[in-house]
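Structure assessment
These are the residues of each chain, in order.
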Amino acid sequence: MSYPVGTEKDSAPKPLKQRKRSRARFIILSLLFLGTAINYLDRTNMAVAASAIQADLGLDPAMLGLILSAFGWTYAFMQVPGGWFIDRFGPRLVYGVSLVLFSLFTLLQGFAKNFSTLFGLRLGLGLSESPAFPANSRVVAAWFPQRERALATGVYTAGEYVGLALATPFLFWLLSAFGWHSIFIVTGVIGLIFALVWFKLYREPKDSKYINKEEMDYIREGGGLADSVGESQKLSWSKVRHLFKYRQFWGIYIGQFAVASTLYFFLTWFPSYLVQEKGITLLKAGFVGSIPYIAAGIGVLVGGYWSDQMVKRGVSIGIARKLPIIIGLLIACSIILANYTSSISLVITIMSIAFFAQGMSAITWTLVSDIAPKELVGLAGGVFNLAGNLSAIITPMVIGFIVSATNSFNGALIFVSIVAFIGALSYIFIVGEVKRIEISDEEISSIK
């Protein structure tokens, strides 16, 4: 089914007024927003429970760092297969199955009683969440014209932070009232319920009953891949190697590692930093710790809106996409300033500014949609997310070892700041021109 079937009267041309475009793409965007919020709840609930788990199971900071990094091991290295699954079977099936599996792994963590079980379940969580962001990127490429893509990316990315900002006080309340096990059980059940909603509502543009011809034409004419995205592809490592031929990809891979490093400090060690380094109580940490998440959510929307507005005013795609990212990474370096104050309000202010800036730089996924060959959108998203989520392994472990060796988070904030600065340099000097990479017929034949 290409478009909703209407009556003869509906399909007749209107002589005086053009029929209005439907807004089905915003229904899809709301699904991505909610799915991303739940996705991040399930990977971040461990950060809220970390101090209680550490005390309950008798873990030192290095062991806790290993648990916090376990998600990243499988999540990062499954990005390429996850991207291929998206290209091969489509986001409706793959992301729907992913939702069910990662929600089950989350729920089961509520019944874990030792280091090994928690570590194994976190590995399973990373494995099952791996298709999520390649799916988001592919859905945006299919459903949105280029002029709206940065804001769309910003909206679903804001789901990471808005969900955490709203849920963090609730999760800390669960922790105080019912213990750390309850956090995983509740968030797992929420994910299973949303999986039913996803299967009910999501379709590709050409199969959606909510889209009309005017909106479909608007997406097509604006550079949306409504028709070409969704064709099945065979997995080939030659396709992966092909993506590394271009400096644009090398630049955004390094940059994404840097963007994600700041993010993973907040997703893994930030609550423990507030409790252990600054001596904040659990309930207070739940409330004041939500402020930087709110700031980051605003930052994502500001970055996406600013980028799209520059595109609409005729600014080149390269400047419009890269400028918010570069400025965001440079401002994120300010996180190091928290080492020089003991004032809780000032620490939260510094963290909020740094996380706002990180959020502003998080429109990086737009570049995948703008640069990737249309035949390899999902796979390119997988490789991109692999590069970024190596930080999900490295950042929690490095911070754990730093804290274990020094009994302080000062070195950890220095590490995060340096990585952010390197990311800014990558976007300035390596990425270069932003335009879609076209694959010739000869190249397509050679990488099949």
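If you're wondering where the values come from, they're calculated on a predicted model, not measured in any experiment. Numbers given to residues run from 1 along each chain, matching the order in which its sequence is written. Totals for whole chains, interfaces and linings use every residue, but because this is a predicted model, local features are given only for residues with pLDDT of at least 70 and side-chain atom pairs only at 80 or more, for both listing and counting. Hydrogens and water molecules were not included; the side-chain quantities draw on all heavy atoms of the structure.

1. Observations concerning the nonpolar core
Nonpolar cores were defined as sets of buried Ala, Val, Leu, Ile, Met, Phe, Trp, Tyr and Cys residues, with membership established by side-chain atoms within 4.5 Å. Burial classes: relative accessible area under 20% of the type maximum marks a residue as buried, over 50% as exposed, and values in between as partly exposed (1.4 Å probe, protein chains only). If you look at the biggest cluster of nonpolar residues, it comprises 135 residues, and the most contacted ones within it are W143, F249, I252, F265, Y273 and M351. Here a residue-residue contact requires only that any non-hydrogen atoms of the pair lie within 4.5 Å. Here Y273 is in contact with F265, K278, A338, V347, M351, F409 and L413, once residues within four sequence places are set aside.

2. Let's talk about unusual backbone geometry
In the Ramachandran plot, N407 falls in the positive-phi region, its phi being about 55° despite a non-glycine side chain. Under the relative-accessibility criterion, N407 is labelled exposed at 70%.

3. A few points about the packing of aromatic side chains
By convention here, two paired aromatic rings are described through the distance between centres and the angle between planes. Note on aromatic contacts: the rings of Phe and Tyr and the six-membered ring of Trp form a pair at centre separations within 6.5 Å, being stacked when their planes are under 30 degrees apart, edge-to-face when over 60 apart, and tilted otherwise. Counted according to the given criterion, the structure contains 19 aromatic pairs. Both rings, one in F71 and one in Y75, keep their centres 4.7 Å apart while their planes meet at 25°; by these two values the pair is stacked. Taken together, the positions of F71 and Y75, both in helix 3 (residues 61–77) and four residues apart, correspond to about one turn of that helix. A residue is classified by how much of its surface remains accessible, and F71, at 2% relative accessible area, is buried. Since its relative accessible area comes to 0%, Y75 is described here as buried. The interplanar angle of 25° and the centroid separation of 6.2 Å between the aromatic rings of F85 and F89 together place this pair among those described as stacked. Of the two residues, F85 and F89 both sit in helix 4 (residues 79–89), four residues apart, roughly one turn of that helix. Residue classification places F85 among the partly exposed positions, given a relative accessible area of 31%. An aromatic cluster is present here, built from F265, F266, W269, F270, Y273, Y293, F355 and F409 joined pairwise through their rings. Numbering of helices and strands runs from the N terminus; a helix is a DSSP stretch of H or I covering at least four residues, while a strand is a stretch of E covering at least two.

4. Digging into the side chain of Q358
Here Q358 is to be found in helix 16 (residues 344–361). Setting aside its immediate chain neighbours within four residues, Q358 contacts Y161, V259, T262, L263, G328 and A332.

5. With respect to helix 15 (residues 317–332)
Taking 1.5 Å of rise per residue, the 16 residues of helix 15 would be expected to cover 22 Å, and the 23 Å separating its terminal C-alpha atoms lies within 8% of that figure. Within helix 15, burial applies to I317, G318, A320, R321, K322, P324, I325, I326, G328, L329 and A332. Expected helix span is given by 1.5 Å per residue-to-residue step, counting one fewer step than there are residues.

6. A closer look at a nonpolar patch on the surface
On the surface, F85, F89, L93, V97, L101 and L104 cluster together into a nonpolar patch covering about 480 Å² of accessible area. Mapped by element, the contributors of at least two residues to the nonpolar patch are helix 4 and helix 5 (91–109). Among the elements that make up the nonpolar patch, the one with the highest residue count is helix 5 (four residues). Judged by its relative accessible area of 44%, L93 falls in the partly exposed class. Residues enter patches when their relative accessible area tops 30% and they take part in no salt bridge; the joining distance is 9 Å for like charges and 5 Å for the nonpolar side chains Val, Leu, Ile, Met, Phe, Trp and Tyr. Areas reported here follow the Shrake-Rupley algorithm with a probe of radius 1.4 Å; residue values treat only the protein chains shown as occluding. Each reported salt bridge corresponds to a side-chain nitrogen of Lys or Arg within 4 Å of a carboxyl oxygen of Asp or Glu.

7. As for the packing of helix 4 against helix 7 (residues 132–143)
Where helix 4 meets helix 7, the axes come as close as 8 Å, and the angle between the chain directions of the two elements is 40°. Comparing their axes, helix 7 and helix 4 come out oblique. By crossing handedness, the relation of helix 4 to helix 7 is classed as right-handed. Only P134, A135 and R138 of helix 7 make contact with helix 4, whose side of the interface consists of Q79, G83, I86 and D87. In this analysis an axis means a line fitted to C-alpha atoms, helices contributing only their contacting stretch, and an angle means the value between N-to-C directions, from 0 to 180 degrees. Small angles under 35 degrees read as roughly parallel and large ones over 145 as roughly antiparallel, with 65 to 115 read as roughly perpendicular and the rest as oblique. For a crossing to be left-handed, the near helix must be turned anticlockwise from the far one by less than a right angle; the clockwise case is right-handed.

In short, shape yes, function no, at least from these values alone.
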